[in-house]
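Okay, here's what each chain looks like letter by letter:
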Amino acid sequence: MVHQGLEIAVLLFGIVYRTQTAPTFSGLCDGCPLKNGVGLTGFLNDCTKYVHCYEDKQGVVHGTVQPCAFGTEWNQDLLTCVSPSNSTCGATQDICYGQPNDYRRPGVGNCRGYWECKNGDSVPLCCPIGYYFNSMTGNCDTTDSDHECYDNCFNEYYTVEMTTTPSPCYNKRPVAAKLDVYEEWIEGWGWIQRGCPKGLLYVQRDCECTLRVVVQQKCELDLFLSFESGIKDQSHLSNYILSENVEVMDGKAFFKADQGSQLIIPRYTNVGMASLTIHVKYYSDHESLTQTQAIVSNSDCGITPSILLTEDSKYVYFTVGTDLGERTLAVHQPAFTNEKDVVLTYHNGILSGQVNGIKNTMIINGSGISRVHCALHVGSADANRGLNFTGVIDELSLSMCV
């Protein structure tokens with residue numbers, strides 16, 4: 001568990017008593033209430049951001065600024081980002097306070113999104129499909145080779161749009177094996193090849209480029225530990241990691257249950273996840289286990305967890321909690337090796353667990369993995385969920401996509 005305050009041992013009449021000093025707060029986190037060593041609070045005068053506060057082992061509270069998803073603002077009562085109409089952000093805290101109407105700024109994380117000031121409030125808006133918001137001009141411009149933009153906006157779904165009354169198409173025809181290209185008959189020139197606008201494919205029935213497509217964007221890692229450079233997150237987020245009695249040698253992290261070894265990543269406190277992938281390469285002597293041991297969890301805070309990756313002598317267990325409850329699936333431990341390559345995924349209501357290429361899946365539905373006010377723990381969980389981990393982790397990664 002992440003402990004609040006710095007423990008100080010006091011020797012009195014031969015007995016050691018432990019007290020806790022108050023944590024030292026940095027400026028961003030002044031007044032932020034901590035629970036299990038972490039807390040969340042609004043960010044100064046920008047309703048579209050919040051501060052994730054966490055206490056290190058010296059008792060100093062640090063703060064990292066996190067953006068809300070485009071179109072949402074911070075709610076301090078719910079400790080999450082919500083629609084602007086449900087925000088707890090005060091009128092004077094909005095960036096648009098004192099700004100003229102129609103003042104625009106880009107929406108972070110969405111190339112089509114932008115905010116427009118209306119009577120002192122920030123209103124989220126989106127450029128049409130095929131356009132992007134140009135922060136230099138404050139207008140929506142057509143996408144081109146230098147400015148590709150395929151982001152969805154406000155839960156859009158891309159569908160095939162067809163005319164209600166198809167008309168004969170005599171002057172256009174498709175090109176084999178080139179779905180985004182067609183040929184048009186021009187009198188005096190013959191058949192001329194033309195390309196569809198970016199994001200569209202040619203549909204002969206419509207005699208136009210009307211089939212919308214979505215380009216799959218790369219799934220980036222939110223956390224990556226190779227242990228080649230010690231205990232350091234090598235993802236683009238550079239997450240803060242608290243290490244307790246974990247030794248690193250030759251690119252491997254050694255955990256010992258009797259020493260309480262664990263890694264704690266505060267960033268994942270109170271984070272709901274529509275999708276999740278956890279990939280761990282590790283070694284453990286599972287045949288000698290007499291009880292379950294925890295590999296990764298958001299347990300160890302006295303709260304019902306929503307993420308658990310555990311093992312015993314026979315199985316590796318994959319557990320997630322959603323608004324519909326907790327579900328677990330199991331995959332057999334490998335028979336002839338103690339080296340394991342384990343992957344947990346949750347996406348579109350399907351939980352999947354994989355051990356050394358052997359996979360099991362379960363349909364559990366739900367609206368996503370539940371928020372839990374506990375950090376992500378590597379190598380530990382509450383006692384009734386699994387003992388601390390004894391073994392060696394070679395690599396660990398996490399992404400909130402599949």
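Refer to the structure above for everything that follows.
How each quantity is defined
Residues numbered from 1 in each chain as written. Predicted model: local features only at pLDDT ≥ 70, side-chain atom pairs only at ≥ 80, totals over all residues. Heavy atoms only, no water. Helix = DSSP H or I, 4+ residues; strand = E, 2+ residues; numbered from the N terminus. Buried < 20%, exposed > 50% of the residue type's maximum accessible area, 1.4 Å probe, protein only. Contact = heavy atoms within 4.5 Å. Areas by Shrake-Rupley, 256 points an atom, 1.4 Å probe, with all protein chains shown as cover. Pairing = 2+ DSSP bridges. Core = buried A, V, L, I, M, F, W, Y, C linked by side-chain atoms within 4.5 Å. Axes fitted to C-alpha atoms, helices over the stretch in contact; angles between N-to-C directions.

Colleague: Could you clarify how one ought to interpret the overall build of the protein in this entry?
Modeller: Scanning the protein from N- to C-terminus turns up zero helices and 33 strands. Burial analysis of the protein (402 residues in total) assigns 44% to the buried set. Of all intrachain contacts in the protein linking residues separated by at least 6 positions in sequence, the fraction that spans at least 24 positions is 53%. With an accessible surface of roughly 21100 Å², the protein has 51% of that area assigned to carbon and sulfur atoms.

Colleague: Please explain the pairing of strand β31 (residues 358-363) as it appears in this structure.
Modeller: On a regular strand, one side chain projects to one face of the sheet and the next to the other, so that they alternate. Taken together, the six bridges between strand β30 (residues 350-355) and β31 define a ladder with antiparallel strand orientation. By the bridge assignment for β31, Q354 is matched with K359. Linking β30 to β31, which pair antiparallel, is a turn of two residues; within it N356 sits at a positive phi near 50°.

Colleague: How should the environment of N384 be read in this particular structure?
Modeller: Along the chain, the position of N384 falls in the loop between β32 (376-378) and β33 (391-399). Relative accessible area serves as the criterion here: at 69%, N384 is assigned to the exposed category. Sequence separation between N384 and D300 is 84 residues; the distance between their C-alpha atoms is 9.7 Å.

Colleague: When you look at the nonpolar core in this model, what are you seeing that I'm missing?
Modeller: Membership of the largest hydrophobic core comes to 39 residues, with the highest contact counts inside it found for L223, V280, F318 and I393. Here this core takes four residues from strand β24 (residues 276-283), the largest share from any one element. Each residue touching I393, except ones within four places of it in the same chain, is listed here: F227, K252, A253, F255, V280, K281, Y282 and V378.

Colleague: Quick question: what am I supposed to make of the sheet that holds strand β14 (residues 172-175) here?
Modeller: Sheet strands line up and pair through hydrogen bonds in the backbone, either parallel or antiparallel. Sheet architecture is open: three strands sit in the order β14-β15-β16, paired in antiparallel fashion. Each edge of the open sheet carries a strand with a single partner, namely β14 and β16 (190-195). Here the average twist between neighbouring strands, direction ignored, is 35°. Bridge analysis of β14 against strand β15 (residues 178-186) gives four bridges, and the strand direction is antiparallel. If you follow V175 over to β15, its bridge partner there is K178.

By themselves, these are just geometric observations and shouldn't be taken as functional.
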